[in-house]
Amino acid sequence: MSYIKVENLSKRFVRRGQMTEALSEINLDIHQGSFVSFIGPSGCGKSTLLRIIGGLMGAEEGGITVGGRTPFEMQADKQFGFVPQSPALFPWRSVLQNMNIPFEVNRKSKTDLSGEEGDPIELLHAVGLGDFMHAYPKELSGGMKQRVGIARAFASGAPILLMDEPFSALDEITRELLMHMLMKIWEQHKKTVIFVTHNIQEAVYLSDKVVIMSSRPGRISYDVDIDLPRPRGEAIIESSEFYQYVVQLRELLRERW
Ligand SMILES: Nc1ncnc2c1ncn2[C@@H]1O[C@H](COP(=O)(O)OP(=O)(O)OP(=O)(O)O)[C@@H](O)[C@H]1O
């Protein structure tokens with residue numbers, strides 16, 4: 001059953017008298033607990049759609065519900081965890097203290113997400129930062145900071161995680177390591193994840209569904225179900241089925257680039 005439902009959604013921006021049709025007639029069904037990636041050329045509206053789903057901005061036309069409620073209600077109820085390109089870590093707090101920020105925010109707003117929360121210490125071990133719990137952000141590399149951001153999102157209790165190109169600032173090898181790490185954690189926690197990326201392999205490896213977008217105006221041109229077995233180990237990348245999905249997505253993307 002559909003958990004996130006987007007119907008005929010359009011979004012326009014007007015800047016200095018010039019109108020940009022950022023999204024046009026978007027229709028989308030996302031199932032609870034699934035991993036969905038958005039991929040498409042720069043400016044096709046991926047981040048805008050992510051922000052609308054996450055209740056950070058509204059749209060002019062169309063409807064959107066998340067778990068039967070509006071995104072704004074879900075956002076006020078702390079149901080979304082955001083993982084941006086580089087995570088916001090407080091420099092004066094240790095890694096573990098940074099992990100606890102969502103719990104403190106929820107306690108203050110009296111949001112009860114118990115049952116969805118993960119153990120911060122366990123999650124730090126899962127991302128290979130067990131020895132860095134008491135370190136400060138300035139002692140971490142970019143990849144390590146991003147691991148904290150991901151671990152924190154899974155610990156936060158939010159059932160829906162919105163990730164906007166979380167690996168784009170990382171080198172190729174770190175990016176691959178984090179992709180495998182994210183997959184392992186997600187397979188244990190099964191939160192609904194919406195993931196924006198420019199990387200086809202990443203999208204195929206991680207996703208149940210890849211949504212291909214095209215620009216001017218931003219539209220969904222295809223959505224492709226990735227029917228690869230789970231759990232997905234690293235070896236799957238070498239399989240011919242994986243390769244076929246990569247080729248298919250590349251062709252579909254080229255068509256509308
Ligand atoms: N706040 C804003 N004001 C005006 N125009 C905006 C605003 N945010 C986005 N846009 C425009 O909307 C379109 C979609 O932008 P968006 O950032 O969603 O694209 P994107 O697919 O995420 O791009 P990228 O892959 O480069 O991050 C672009 O043309 C952009 O210039």
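Residues numbered from 1 in each chain as written. Predicted model: local features only at pLDDT ≥ 70, side-chain atom pairs only at ≥ 80, totals over all residues. Heavy atoms only, no water.

Q: Honestly, the sheet that holds strand β1 (residues 2–15) in this entry has me stumped. Any pointers?
A: Hydrogen bonds between backbone atoms are what pair the strands of a sheet, whose relative direction is either parallel or antiparallel. Reading across the sheet, the 3 strands line up as β2-β1-β4 and stay open at both edges, with antiparallel pairing between neighbours. In this open sheet, the two strands that pair with only one neighbour each are β2 (18–31) and β4 (61–66). Adjacent strand axes in the sheet meet at a mean angle of 25 degrees when their direction is disregarded. As paired strands, β1 and β4 are joined by 5 bridges and run antiparallel to one another. When the sheet's bridge partners are listed, S10 is paired in β4 with E61. (Pairing = 2+ DSSP bridges. Helix = DSSP H or I, 4+ residues; strand = E, 2+ residues; numbered from the N terminus. Axes fitted to C-alpha atoms, helices over the stretch in contact; angles between N-to-C directions.)

Q: What's the story with the packing of helix α6 (residues 142–155) against helix α7 (residues 172–189) in this structure? I'm lost.
A: When two helices pack together, their arrangement is captured by the angle between the axes and the distance separating the axes. It is the contact of α6 with α7, at a shortest axis distance of 11 Å, that shows an interaxial angle of 10 degrees. As far as their axial angle goes, α7 and α6 are roughly parallel. Between α6, through G143, Q146, R147, I150 and F154, and α7, the contact on the second element is made entirely by T174, L178, M181, L182, I185, W186 and H189. Of the residues that constitute the contact of α6 with α7, the class distribution is 7 nonpolar, 4 polar and 1 charged. (Parallel < 35°, antiparallel > 145°, perpendicular 65-115°, else oblique. Contact = heavy atoms within 4.5 Å. Nonpolar A, V, L, I, M, F, W, Y, C, P; charged D, E, K, R; others polar.)

Q: Just to check I follow, could you spell out the side chain of S10 for this structure?
A: The topology assignment puts S10 in strand β1. A polar side-chain atom of S10 sits 3.1 Å from the main-chain amide nitrogen of E25. (Polar contact = N/O pair within 3.5 Å; in protein donor to acceptor, adjacent residues only side chain to side chain.)

Q: What is the right way to look at the confidence of the model for the protein in this model?
A: When pLDDT drops low, the exact placement of atoms in the prediction is not to be read closely. Model confidence for the protein is summarised by a mean pLDDT of 92, while 96% of its residues fall at 70 or above. The secondary structure element of the protein with the lowest average pLDDT is helix α4 (residues 101–108), at 71, and the one with the highest is strand β3 (residues 35–39), at 98. The ipTM, which scores confidence in the relative placement of chains, is 0.97 for this predicted complex, and the corresponding pTM is 0.93. (pLDDT = per-residue confidence, 0-100.)

Q: Which parts of the structure should I look at to understand α6?
A: Because each turn of an α-helix spans 3.6 residues, side chains separated by three or four positions end up pointing in the same direction. With 14 residues, α6 extends 20 Å between its outermost C-alpha atoms, agreeing within 8% with the 20 Å of an ideal straight helix rising 1.5 Å per residue. Within α6, 11 of the 14 residues are buried, which leaves the element mostly enclosed by the surrounding structure. Among all positions in α6, only G143, M144, Q146, V148, G149, I150, A151, R152, A153, F154 and A155 are buried. At the exit of α6 stands G157, carrying a positive phi of roughly 95 degrees. (Expected span 1.5 Å × (residues − 1). Buried < 20%, exposed > 50% of the residue type's maximum accessible area, 1.4 Å probe, protein only.)

Q: Explain a negative patch on the surface to me, please; I cannot follow it from the model alone.
A: A surface patch of negative charge is lined by D171, E172, E176 and E234. With respect to the helices and strands, the residue E234 is situated in the loop between β9 (219–225) and α9 (240–256). (Patch = residues over 30% accessible without salt bridge, like charges linked within 9 Å, V, L, I, M, F, W, Y side chains within 5 Å. Areas by Shrake-Rupley, 256 points an atom, 1.4 Å probe, with all protein chains shown as cover. Salt bridge = Lys/Arg side-chain N within 4 Å of Asp/Glu carboxyl O. Lys, Arg positive; Asp, Glu negative; His and termini not counted. Charge placed at Lys NZ, Arg CZ, Asp CG, Glu CD.)

Q: What am I meant to see in the nonpolar core here?
A: In globular proteins that are soluble, nonpolar side chains generally tend to be buried together. Core analysis: the biggest nonpolar cluster contains 53 residues, and F154, L182 and V204 have the highest contact counts within it. One finds I4, F38, L49 and I52 within the second-largest nonpolar core, a separate group that totals 26 residues. (Core = buried A, V, L, I, M, F, W, Y, C linked by side-chain atoms within 4.5 Å.)

Q: In this structure, what is going on with the site of the ligand? I would like to understand it.
A: Taken together, 13 residues form the shell around the ligand, and within it S42, G43, K46, S47 and T48 come nearest. At 2.5 Å, a side-chain N or O of T48 approaches an oxygen atom of the ligand. Going through the elements one at a time, β2 and α1 (46–53) are the ones with two or more residues in the shell around the ligand. With 3 residues, the top contributor of residues to the shell around the ligand is α1. (Near = heavy atom within 4 Å.)

Q: Can you walk me through the pattern of salt bridges in this structure?
A: When their charged atoms lie close together, side chains carrying opposite charge are able to pair. Evaluated as defined, the whole model comprises 9 salt bridges. Its salt-bridge partner being E60, residue K11 comes within 3.8 Å of it at the nearest N-O pair. With a gap of 49 residues between them, K11 in strand β1 and E60 in the loop between α1 and β4 connect regions that are remote in the sequence. On the basis of relative accessible area, K11 is assigned to the buried category, the value being 9%.

Q: What is the right way to read the environment of L170 from this model?
A: Relative to the helices and strands, L170 resides in the loop between β6 (160–164) and α7. Once the C-alpha coordinates of L170 and L123 are considered, the two residues, 47 residues apart in sequence, prove to be 21 Å apart. In contact with L170, not counting residues within four places along its chain, are G142, G143, Q146, R175 and L178.

Q: What is the right way to look at the pairing of β6 in this model?
A: The side chains of a regular strand alternate, first on one face of the sheet and then on the other. Of all 5 residues in β6, 5 are buried, a share of seventy percent or more. Where burial is concerned, the two faces of β6 agree: the one with I160, L162 and D164 and the one with L161 and M163 are both buried. In terms of strand pairing, β6 meets strand β7 (residues 192–197) through 5 bridges, oriented parallel. Its bridge partner lying in β7, D164 is registered against V196. For the segment spanning β6, α7 and β7, crossover handedness is right-handed. (Right-handed = clockwise from strand over helix to strand, strands pointing away.)

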